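# Observations on the model geometry
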There are 2 protein chains.
Amino acid sequence: MRIEVKSDILGENNRTAAQLAKMFLEKGIFVLNIIGSPGAGKTTLLEKVFARLDKRLRVAVIEGDLFTEKDAARIEALGVTAIQLNTQGGCHLDAPMIERAWAELTKDDSRPLPELLIIENVGNLVCPAEFNLGEDMKLVILSVAEGADKPLKYPLIFKEAGAVVFSKTDLLPYVDFDYDGAVSDVNMLHPGVQLFPLSAKTGEGMDEFCCWLMNRAAEKKGTVVGKGDE
Amino acid sequence: MRIEVKSDILGENNRTAAQLAKMFLEKGIFVLNIIGSPGAGKTTLLEKVFARLDKRLRVAVIEGDLFTEKDAARIEALGVTAIQLNTQGGCHLDAPMIERAWAELTKDDSRPLPELLIIENVGNLVCPAEFNLGEDMKLVILSVAEGADKPLKYPLIFKEAGAVVFSKTDLLPYVDFDYDGAVSDVNMLHPGVQLFPLSAKTGEGMDEFCCWLMNRAAEKKGTVVGKGDE
């Protein structure tokens, strides 16, 4: 048994991702692909964002994880629709997985479609960066406890991402994190990238992030002809 | 162009790993493969360990990283021999890379061989767990800032590892880390595994870890016939 090499795996993934992107555009759904190390605070950020949005936006989440369903359970506890994708040890999500999760999310066609679809990728700063999932934007989340050298050490995801979150800023007094250096490295890798320092714990920076997310979803919805009246 | 599937990639890797393990056994060198997320504190732990060992052990380090040479430079600054392996974006080290690094480490045959060889893998809790590098033991390092749910979410590496470090324990007062729960999950995944809670910053737990490391190296050296007199 043989499989195609990396370039072909990526090619096939990109074809499915392009179909997904076209469909999400037609339906006016903003799709955010969240990538970060294990423990960067991806699920906690989502929990706090959804509590703040307080159903002002119809949201659905696709949760990527190796084996467990812990993260989807945390999101569903907030009344937000979540589909768990288990990669069975695989290190990233790919577009065909998103296609299957989307079919599952929308199988009950009496339910309105989401306005915002969030994909929480497998905890990994390396492999997920290479796979497009039909998203509008990748967002990378780096906890200040991980250290300020990470953008230069994992440059691809910081180049690919349209937004960067520095999470757990409440820990800044207790860790050695060269904040200005990290900001400068991120801007060097991706000039003009949107940067959000925040703490899901204390709430610092959360309003700015939620406001940005609502604006992105409204903007995407506005691009759909015939939906301007909503 | 085509490549073999995963099982054959792993088979080829394992053949090289077995040759390396045989060679390290003949030479009485203890080899530790350190795996952890980006920012778990792998390089910082090594810096503090080498400062404490204070040349009581001949050490060499193979540093795995995607692109930069930052980590090898940090280790060499302490007078410890280090070889940097850059994977050019690849998410793990494999045994043929270690073979090449070992050839580079030992090309000057007037220099004595190390007694302890440490391999610092690419920052990733997923992919490196699947690749044997000829090591005696894998060690997984989890920062308490990453959260106590990680052993169950990334079970393979916790099953594979002979030792687990909970790092950055100085942050325990500032993060929500269910310490007893994490210890219980680690013991469930790998009964009897060696567990080291420590802080490279404050020094808590560092003596125990260094002592254990020296004992492992002495034990391995003791297995070599004709080296008992050293």
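Scroll up a little and you will see the structure.
Residues numbered from 1 in each chain as written. Chains lettered and ligands numbered in written order. Predicted model: local features only at pLDDT ≥ 70, side-chain atom pairs only at ≥ 80, totals over all residues. Heavy atoms only, no water.

## Focus: the overall build of chain A
Tallying secondary structure elements over chain A gives 8 helices and 8 strands in all. Relative to the globule expectation of 17 Å for 230 residues, the C-alpha radius of gyration of chain A, 17 Å, shows essentially globular dimensions. The principal-axis extents of the C-alpha atoms in chain A amount to approximately 50 × 50 × 35 Å. Here chain A holds 230 residues, and 58% of them are scored as buried. Partitioning the intrachain contacts of chain A with sequence separation of at least 6 by distance along the chain shows that 72% fall at a separation of at least 24. Accessible area for chain A stands at about 9700 Å²; split by element, carbon and sulfur atoms hold 51% of it. (Helix = DSSP H or I, 4+ residues; strand = E, 2+ residues; numbered from the N terminus. Rg over C-alpha atoms; globule rule 2.2 N^0.38 Å. Buried < 20%, exposed > 50% of the residue type's maximum accessible area, 1.4 Å probe, protein only. Contact = heavy atoms within 4.5 Å. Areas by Shrake-Rupley, 256 points an atom, 1.4 Å probe, with all protein chains shown as cover.)

## Things to note about the nonpolar core
Counting 94 residues, the largest nonpolar core has L117(A), F166(A), L117(B) and F166(B) as the members making the most contacts within it. Discounting chain neighbours no more than four positions away, the residues touching L117(A) are F24(A), I29(A), F30(A), V31(A), L32(A), A60(A), V61(A), I62(A), W102(A) and L105(A). (Core = buried A, V, L, I, M, F, W, Y, C linked by side-chain atoms within 4.5 Å.)

## Observations concerning the side chain of K220(A)
Residue and element names in this part refer to chain A. With respect to the secondary-structure elements, K220 resides in helix 8 (residues 206-222). Side-chain polar atoms of K220 contact the backbone oxygen of I29, separated by 2.8 Å. With residues near it in sequence (within four places) discarded, K220 still touches F24, L25, G28, I29, F30 and D136. (Polar contact = N/O pair within 3.5 Å; in protein donor to acceptor, adjacent residues only side chain to side chain.)

## Considering the pairing of strand 6 (residues 137-143) of chain A
Residue and element names in this part refer to chain A. Of all 7 residues making up strand 6, 7 are buried, and the element is well covered by its neighbours. Residues M137, L139, I141 and S143 line one face of strand 6 and the alternating positions K138, V140 and L142 line the opposite face, and both faces are buried. Relative to strand 6, strand 2 (residues 30-36) runs parallel, the two sharing 5 bridges. Directly across from L32, in strand 6, lies its bridge partner M137. Where strand 6 lies against strand 7 (residues 163-167), 5 bridges are found, and the strand directions are parallel. Within strand 7, the position partnered with I141 by the bridge is V165. (Pairing = 2+ DSSP bridges.)

## Describing the sheet that holds strand 7 (residues 163-167) of chain B
Residues and elements named next belong to chain B. An order of 4-3-5-2-6-7-8 is seen for the 7 strands of this open sheet, with the pairing classed as parallel. Of all strands in the sheet, those with a lone pairing partner are strand 4 (81-86) and strand 8 (194-197), marking the two edges. Between one strand axis and the next, the sheet turns by 20° as a mean value, whatever way the strands run. Along the sheet face, helix 7 (residues 179-189) touches strand 7 and strand 8 and points at about 165° away from the line of strand 7. (Axes fitted to C-alpha atoms, helices over the stretch in contact; angles between N-to-C directions.)

## Looking at the interface of chain B and chain A
With 40 residues of chain B at the interface, the matching set in chain A holds 40 residues. A combined buried area of about 3300 Å² lies between chain B and chain A, and 58% of that area is made up of carbon and sulfur atoms. A salt bridge links K153(B) to D71(A), with the shortest nitrogen-to-oxygen separation between them at 2.7 Å. At the junction of chain B and chain A, the tally comes to 10 residue pairs in polar contact (both at pLDDT 80 or more). Residue assignment for the side of chain B that touches chain A shows that the elements contributing at least two residues are strand 1 (2-4), helix 3 (70-76) and helix 5 (150-153) of chain B. For the side of chain B that touches chain A, the per-class residue count stands at 18 nonpolar, 7 polar and 15 charged. (Buried area = accessible area lost by both parts, 1.4 Å probe. Salt bridge = Lys/Arg side-chain N within 4 Å of Asp/Glu carboxyl O. Nonpolar A, V, L, I, M, F, W, Y, C, P; charged D, E, K, R; others polar.)

## Topic: the pattern of salt bridges
Using the criterion set out here, one finds 28 salt bridges over all chains in the structure. Its salt-bridge partner being R216(A), residue E219(A) comes within 2.6 Å of it at the nearest N-O pair. Remark: R216(A) and E219(A) occur in helix 8; sequence separation between them is 3 residues, near one turn of the helix. The partner of E160(B) in a salt bridge is K138(B), and the shortest N-O contact between them spans 3.6 Å. Of this pair, E160(B) sits in helix 6 (residues 155-160) while K138(B) is found in strand 6 (residues 137-143), placing the two residues 22 residues apart along the sequence.

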